[in-house]
Amino acid sequence: MTEVRVTLVLPCLNESAGLRTLMGALEKAFSQTPHLTVTALFVDDGSTDDTQRVLQRFASRIRYVYQNNRGLSAARNTG
């Protein structure tokens, strides 16, 4: 079977509480799909909470980019 690669671009701003739930769901997706390579790219659009600290716990499974707050569209474009 051919391997499929997917990159999820996930803009975030002060989402530390919600990220814990999302990362649990992503962990299940990472582990249950043998022919699918999922890359989760989080673009932090200037968070002032502990979003970066939460995402650092998953550093081996995700990509993380920080930028000064420029809005949702700019975060998507960065991704």
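This text follows the structure it describes.
Residues numbered from 1 in each chain as written. Predicted model: local features only at pLDDT ≥ 70, side-chain atom pairs only at ≥ 80, totals over all residues. Heavy atoms only, no water.

## What about the pairing of strand 2 (residues 36-44)?
Now for step 1: Where strand 1 (residues 4-12) lies against strand 2, nine bridges are found, and the strand directions are parallel. Bridging from a neighbouring strand, C12 pairs with D44 of strand 2.
Now for step 2: In this structure, strand 2 lies alongside strand 3 (residues 62-66), joined through five bridges in parallel fashion. Bridge assignment links F42 to a residue of strand 3, and that residue is Y64.
Now for step 3: Between the parallel elements strand 2 and strand 3, the chain passes through helix 2 (residues 51-56) in a crossover that is right-handed. (Pairing = 2+ DSSP bridges. Helix = DSSP H or I, 4+ residues; strand = E, 2+ residues; numbered from the N terminus. Right-handed = clockwise from strand over helix to strand, strands pointing away.)

## Some remarks on the nonpolar core
Now for step 1: Of all hydrophobic cores here, the largest spans twelve residues; its members are C12, L19, M23, L26, F30, V38, A40, F42, V54, L55, F58 and I62.
Now for step 2: With residues near it in sequence (within four places) discarded, C12 still touches F42, V43, D44, D45, S47, T51 and L55. (Core = buried A, V, L, I, M, F, W, Y, C linked by side-chain atoms within 4.5 Å. Buried < 20%, exposed > 50% of the residue type's maximum accessible area, 1.4 Å probe, protein only. Contact = heavy atoms within 4.5 Å.)

By themselves these figures say nothing about function.
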